[in-house]
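# Coordinate inspection notes
Residues per chain, in single letters:
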Protein chains: 2
Amino acid sequence: MSEIRSPLRSGPRPGGRSLRVQEAVHAAVVALIEEFGREGLTVPQVAARAGVTPSTIYRRWSDIATLVSDVAQRNLRIDCPLKPCGRLSDDLPAWAEMYQDEMDSTPGRAMVRDVLRGWDGMQKACPLLDAVRPSIAMICDASSEPVNFDVEAVIDAVVAPLLTRMIFTDAPLASTLARDAAVAFVERHSPNASGSGRGQ
Amino acid sequence: MSEIRSPLRSGPRPGGRSLRVQEAVHAAVVALIEEFGREGLTVPQVAARAGVTPSTIYRRWSDIATLVSDVAQRNLRIDCPLKPCGRLSDDLPAWAEMYQDEMDSTPGRAMVRDVLRGWDGMQKACPLLDAVRPSIAMICDASSEPVNFDVEAVIDAVVAPLLTRMIFTDAPLASTLARDAAVAFVERHSPNASGSGRGQ
DNA sequence: CGTCTAAAGCAAATATTTTGCGTTAGAGAG
DNA sequence: CTCTCTAACGCAAAATATTTGCTTTAGACG
């Protein structure tokens, strides 16, 4: 198999001009948000900065919320610069803490907000969970002991409470919220768990 | 202490005209959404139906997303028509199933979407969790056995995974998702739990 | 190199949002 | 009860944003 010329194959006219326009528009959104903030960002502004006409943007993204949501998704890159040591009771809590720090920050929250503004209520809001699975899987794979749970269980136990409380709670999150959840989760699934224990 | 005359005390001019305007506007939003759907709903439309001028709406709510979000919050009334029998292993899963049915329905999802559109990323998106706590507390109170967990733990274990997967997942939810989570949760906290077991 | 078309440009037509200023309802004092 | 005072509303003009019909262009494919 020789190399594929076009890197994308989604739309009918993927390469060339369309791509350039998309990149220019995305770059303009990033630049303008960084410069003036998300508030008051308008399509004509973005169009001017990107060097395209507003109608181009309206036809492709329909409105500013969708566009910003699109950009936010592209830029969600919570890479996991984590070197698993092989012990789940260390690795999972460490990752959880890092993840919380990323998400519960000004840019993290802004990303979630922007992405959610473009959500239609039916299809998923964004590949946020997809972005997280590889990190969790990597940690599980690195475990020296057998793992008796799957990635989805980790999402339910540590990611879900974090996101839910970020979005639907007023008070600032306890800084160890995700870490604690991860610790409890690992404890619960360790082979020599004592059972019942205390709540939470 | 004698009775307070004004039922509201938030704004500087709470009763009378302001209140009438707010009610008319809210009613107009509800009616128009029911009639034509959320798509394409505009401030001028709402204003016309409510019998007020657009500028009134703009000054009070700033934009249609905020207004719709506001309305959605007022109408979130997931009442719990549930008669606890006193056994957590029955009551909690039953409630969880009912809750999922409410939330993962067309109107439920629309409500969450609308509410989230108005979220600013910092303060909580809506009192969704507050609305849920009383139901859980009622079930716990009705339990004939001692309860060794708190309401927040239930939110983390059953509500959070449900909401997170509704929002950040593509595939339709398993209809027993919340129920299963509740069953596992109760099991985990039952006095005679066997411990480790298999994950999820 | 020529054809064919999705996507971009352009500009006129609409629709919306913003704003300044006059008006009104209703709370509170006397 | 009447008077005063002001937050919130109405109105209309101005400023912006959005939609739309038609033309032009880039680039995929034969």
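Higher on the page you've got the structure.
The sections below set out a description of the structure shown in this document.

The rules we used
Residues numbered from 1 in each chain as written. Chains lettered and ligands numbered in written order. Predicted model: local features only at pLDDT ≥ 70, side-chain atom pairs only at ≥ 80, totals over all residues. Heavy atoms only, no water. Salt bridge = Lys/Arg side-chain N within 4 Å of Asp/Glu carboxyl O. Helix = DSSP H or I, 4+ residues; strand = E, 2+ residues; numbered from the N terminus. Buried < 20%, exposed > 50% of the residue type's maximum accessible area, 1.4 Å probe, protein only. Core = buried A, V, L, I, M, F, W, Y, C linked by side-chain atoms within 4.5 Å. Contact = heavy atoms within 4.5 Å. Least-squares fit on C-alpha atoms with pLDDT ≥ 70 in both. Near = heavy atom within 4 Å. Polar contact = N/O pair within 3.5 Å; in protein donor to acceptor, adjacent residues only side chain to side chain. Axes fitted to C-alpha atoms, helices over the stretch in contact; angles between N-to-C directions. Parallel < 35°, antiparallel > 145°, perpendicular 65-115°, else oblique. Left-handed = near helix turned anticlockwise from the far one by under 90°. Nonpolar A, V, L, I, M, F, W, Y, C, P; charged D, E, K, R; others polar.

### What to know about the pattern of salt bridges
Applying the stated rule across the entire model yields 22 salt bridges over all chains. For arginine 165 of chain A, the salt bridge is made with glutamate 152 of chain B, and the minimal N-O distance between the two is 3.0 Å. Highlighted residues: arginine 165 of chain A in helix α8 (residues 151-168) and glutamate 152 of chain B in helix α8 (residues 151-168), drawn from two different chains. The partly exposed category is assigned to glutamate 152 of chain B, whose relative accessible area is 25%. Two residues, aspartate 90 of chain B and arginine 87 of chain B, come together in a salt bridge whose shortest N-O distance is 3.0 Å. The exposure class assigned to arginine 87 of chain B is partly exposed, which follows from its relative accessible area of 48%.

### A few points about the nonpolar core
Core analysis: the largest hydrophobic core is formed by 85 residues, its most contacted members being Trp95 and Leu116 of chain A together with Trp95 and Leu116 of chain B. Setting aside chain neighbours within four positions, we find tryptophan 95 of chain B in contact with Cys80, Leu82, Val132, Ser135, Ile136, Ile139, Val158 and Val159 of chain B.

### Points about the relation of the copies chain B and chain A
Once chain B has been moved 0.0 Å along the axis and rotated by 180 degrees, it coincides with chain A to within an RMSD of 0.0 Å. The two molecules are tied by a two-fold rotation axis, judged by turn and shift. When the interface residues of chain B are mapped onto chain A, 100% of them again lie at the interface, so the same face is used by both copies.

### Focus: the protein's contact with DNA strand C
Lining the immediate environment of DNA strand C, one finds 23 residues, of which Thr56 and Arg60 of chain A together with Arg17, Tyr58 and Arg59 of chain B sit closest. Looking at DNA strand C alone, sugar and phosphate atoms form 70% of those within 4 Å of the protein. In this structure, serine 55 of chain A approaches DNA strand C through a side-chain N or O atom, which is 3.0 Å from a base nitrogen. A distance of 2.7 Å separates a base oxygen of DNA strand C from a polar side-chain atom of arginine 59 of chain B.

### Remarks on the environment of valine 30 of chain B
All names here are of chain B. Along the chain, valine 30 falls in helix α1 (residues 17-36). You can call valine 30 partly exposed: its relative accessible area is 33%. Taking the C-alpha atoms as reference points, valine 30 and valine 71, 41 residues apart in sequence, are found 7.7 Å from one another.

### Notes on the packing of α8 of chain A against helix α9 (residues 177-189) of chain A
Residue and element names in this part refer to chain A. Interaxial distance between α8 and α9 falls to 9 Å at its minimum, and their mutual angle equals 160 degrees. By the criterion of interaxial angle, the relationship of α8 to α9 is roughly antiparallel. In terms of crossing hand, the pair formed by α8 and α9 is right-handed. Listed contacts from α9 to Ala153, Val154, Ala157, Val158, Pro161, Leu162 and Arg165 of α8 are Leu177, Ala178, Ala181, Ala182, Phe185 and Arg188. Looking at the contact of α8 with α9 residue by residue, the class counts come to 11 nonpolar, no polar and 2 charged.

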